[in-house]
Amino acid sequence: MPRITCPVLKTKVTTAQEAATHIGHGQRVGMSGFTGAGYPKAVPGAVAERAKAAHGRGEDFSIELWTGASTAPELDGVLAEAGVIAKRLPFQSDPTLRAKINSGATEYIDTHLSHSAQQAWFGFYGNLDVAVVEVAAILPNGMLVPGSSVGNNKTWLELADKVILEVNSWHPRAYEGFHDVYYGTKRPPERRPIQLLEPMQRIGDPYLRVDPGKVVAVVETDAPDRNLPFKSPDENSKAMAGHLVDFLRHEISHGRLPANLFPLQSGVGNVANAVMAELAESEFEHLTAYTEVIQDGMLDLLDTGKLTAVSATSFSLSAERAASFNARAEEYKGRILLRTQEISNHPEAIRRLGVIAINGMVEADIYGNVNSTHVMGSSIINGIGGSGDFARNAYLNFFVSPSVAKGGAISSIVPFASHIDHTEHDTQIIVTEQGLADLRGLSPSVRAKRIIAACAHPDYRDRLQDYYDRAVAANPEGQHTPHLLSEAFRWHENYQQHGRM
Ligand code: 0RQ
């Protein structure tokens with residue numbers, strides 16, 4: 001079945017190299033892509049080649065790059081390697097790009113994922129010159145069938161002066177009907193309530209719209225998404241998932257959750273994936289999900305029938321799982337809905353639906369401040385992604401991590417978090433393989449005792465308690481959140497100087 005059936009847009013079909021000539025030095029470019037899904041596969045490489053040629057001639061060539069979230073080697077990787085990305089937002093996870101950011105060569109603006117589209121609309125980032133968006137098909141009327149992610153595509157297509165489309169036939173043609181693109185967003189003061197009352201409610205269109213007059217090139221591709229493998233759940237992740245599932249049972253028995261829970265959100269990474277695998281083994285049934293990413297574990301839950309349906313903005317699957325999904329896409333229709341990221345992560349929807357948010361973390365401090373993004377306070381790993389959108393607005397939020405990293409040299413529970421993404425005011429429940437600390441309704445001092453006792457690794461527990469006790473003794477006028485300021489980051493310094501906290 002031909003993928004491009006619009007007579008007008010068919011005339012724009014060209015090569016990636018020709019399309020890339022529409023992207024010039026100093027421009028702002030919005031590309032599709034979210035957690036390694038639905039990103040353009042051909043044009044970014046051609047832009048990198050153009051830039052390398054320009055650099056070879058001694059000319060400047062760099063762009064500001066906006067996406068939905070993280071992409072892949074064919075996008076962030078090639079452009080970072082060619083030294084093209086002067087500025088990047090929002091979430092990223094590419095090793096080459098990460099190194100450029102941490103070396104200071106690339107500016108990185110780590111916005112909440114629900115904020116990126118609206119802040120572009122507000123004009124906070126400047127004019128968007130070009131959009132490069134991957135889709136699964138172009139219909140006769142010029143409407144676009146999105147692929148494995150929606151992300152910020154609606155906004156980039158609307159805001160950009162010029163549009164380049166990549167039509168990727170690797171995506172199942174059956175994607176038509178999997179998406180819900182909300183066209184009701186406005187700038188204040190014209191904003192209206194978002195009438196999303198159930199996770200699977202449709203409030204938009206199945207298609208993306210584009211002004212054909214802005215489309216300067218259409219490029220055909222047939223290439224898979226990034227599709228990275230997940231680590232199979234180890235003893236630690238099984239233990240964390242076990243604590244979390246027991247806690248959900250406890251909440252049901254106390255009447256604070258219904259038997260089928262509230263809609264689940266599960267973050268990126270191995271641990272979040274393992275928690276979904278554990279839920280698949282549990283007695284819970286008729287679950288729903290209002291999340292941003294569908295990883296393997298979430299599809300497994302759908303396959304067992306325990307999960308009725310899932311609303312998200314993107315897939316992020318292993319290669320095997322992507323292949324099996326593509327082969328059987330029709331069977332999932334009606335049970336998966338992909339939305340724009342401003343709706344999948346919208347505070348209003350998350351709060352109304354009572355989402356249960358489960359996200360990974362790098363470290364938490366004894367009072368519950370959570371670092372999701374930085375190693376030793378300075379080096380970015382990925383970014384805050386949607387964790388802040390969900391954690392602050394969820395009915396329940398969990399932050400999960402093994403109690404130690406790097407073979408035990410690093411404690412994930414520290415006196416003071418070296419970077420704070422989620423403040424103690426937001427954090428509700430911390431889970432490590434050691435146990436679970438329920439911090440709801442507790443003062444900082446009670447939280448500290450609970451986190452140290454329940455979550456810290458035995459190798460670090462006594463030293464954390466000792467830090468806390470000495471902080472209490474040293475601050476007779478500061479008993480609310482006592483700290484030893486000259487010592488608060490000593491554990492991190494120890495790691496940097498001696499290789500162990
Ligand atoms: O590094 O592989 O080099 O050893 O961090 O750690 O334990 O495999 O955990 O894959 O679940 O990722 C927070 C990064 C966790 C992720 C984070 C090192 C550790 C390892 C990964 P190595 P694990 P996960 C919605 C939600 C922010 C975005 C988010 C994340 C690597 O969950 O990016 O939540 N979250 N989005 O060794 C130094 C510590 C460490 C440490 C772990 N304390 N110090 N290194 N590591 N703890 C979805 C989206 O937003 C798209």
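- An unreviewed UniProt entry annotates the chain as Acetyl-CoA hydrolase/transferase of Sediminivirga luteola.
- Per UniProt, the chain carries the Sequence similarities (unreviewed entry) text "Belongs to the acetyl-CoA hydrolase/transferase family."

**Side note on the site of the ligand**
Then, in step 1: Within the structure, the ligand sits among 28 residues, and Glu292, Val362, Asn382, Gly386 and Lys406 are positioned closest to it.
Then, in step 2: Here glutamate 292 contributes a side-chain N or O atom positioned 2.7 Å from an oxygen atom of the ligand.
Then, in step 3: Asparagine 382 is positioned with one of its side-chain polar atoms (N or O) 2.8 Å from an oxygen atom of the ligand.
Then, in step 4: The protein chains hide 81% of the 1000 Å² of surface that the ligand would expose on its own.
Then, in step 5: Among the secondary structure elements, those contributing two or more residues to the shell around the ligand are helix 9 (270–281) and strand 16 (356–360).
Then, in step 6: Classifying every residue of the shell around the ligand by side-chain character gives twelve nonpolar, 13 polar and three charged.

**Quick look at the layout of surface pockets**
Then, in step 1: Considering only enclosed or pocket space, the second largest pocket measures out at about 370 Å³ in volume.
Then, in step 2: Considering the residues around the second largest pocket, the lining is formed by 19 residues, among which Gln118, Thr185, Lys186, Arg191 and Glu342 are closest to the centre.
Then, in step 3: Of all elements in the fold, only helix 6 (113–121), helix 7 (153–159) and helix 14 (347–353) reach the threshold of two or more residues within the lining of the second largest pocket.
Then, in step 4: Per-class residue counts for the lining of the second largest pocket are five nonpolar, six polar and eight charged.

**Side note on the UniProt feature "domain: Acetyl-CoA hydrolase/transferase C-terminal" (unreviewed entry) in the chain**
Then, in step 1: According to UniProt, the feature "domain: Acetyl-CoA hydrolase/transferase C-terminal" (unreviewed entry) maps to residues 333–467 in the numbering used here.
Then, in step 2: From the first C-alpha to the last, residues 333–467 spans 54 Å; its make-up is 30% helix and 26% strand.

**Some thoughts on the UniProt feature "domain: Acetyl-CoA hydrolase/transferase N-terminal" (unreviewed entry) in the chain**
Then, in step 1: UniProt tags residues 11–220 as "domain: Acetyl-CoA hydrolase/transferase N-terminal" (unreviewed entry).
Then, in step 2: In residues 11–220, helix accounts for 25% and strand for 20%; the two terminal C-alpha atoms are 12 Å from one another.

**What to know about the pairing of strand 1 (residues 28–31)**
Then, in step 1: Across three bridges, the pairing between strand 1 and strand 2 (residues 63–66) is parallel. Along strand 2, the bridge assignment pairs glycine 30 with tryptophan 66.
Then, in step 2: For the crossover that starts at strand 1, traverses helix 3 (residues 43–56) and ends in the parallel strand 2, the hand is right-handed.
Then, in step 3: Sheet topology places strand 1 next to strand 5 (residues 130–138); three bridges connect them, and they run parallel. Within strand 5, the position partnered with glycine 30 by the bridge is alanine 131.

**So, helix 9**
An α-helical turn contains 3.6 residues, so any two residues separated by three or four positions project in the same direction.
Then, in step 1: Along its twelve residues, helix 9 runs 17 Å from first to last C-alpha, staying within 8% of the 16 Å computed at 1.5 Å per residue.
Then, in step 2: Taken as a whole, helix 9 has its buried residues at Val271, Ala272, Asn273, Ala274, Val275, Met276, Leu279 and Ala280.
Then, in step 3: Buried residues belonging to helix 9 abut helix 8 (235–253), strand 10 (264–266), helix 10 (296–304), strand 16 and strand 21 (396–400).

Parameters at a glance
Residues numbered from 1 in each chain as written. Predicted model: local features only at pLDDT ≥ 70, side-chain atom pairs only at ≥ 80, totals over all residues. Heavy atoms only, no water. UniProt positions renumbered as here; feature names shortened; annotations may be inferred. Near = heavy atom within 4 Å. Polar contact = N/O pair within 3.5 Å; in protein donor to acceptor, adjacent residues only side chain to side chain. Areas by Shrake-Rupley, 256 points an atom, 1.4 Å probe, with all protein chains shown as cover. Helix = DSSP H or I, 4+ residues; strand = E, 2+ residues; numbered from the N terminus. Nonpolar A, V, L, I, M, F, W, Y, C, P; charged D, E, K, R; others polar. 1 Å grid on protein atoms, 1.4 Å probe; cavity = no way out; pocket = protein on both sides within 12 Å on 5 of 7 lines; lining within 4 Å. Points joined across faces, edges and corners; volume = space filled by probe spheres on them. Pairing = 2+ DSSP bridges. Right-handed = clockwise from strand over helix to strand, strands pointing away. Expected span 1.5 Å × (residues − 1). Buried < 20%, exposed > 50% of the residue type's maximum accessible area, 1.4 Å probe, protein only. Contact = heavy atoms within 4.5 Å.

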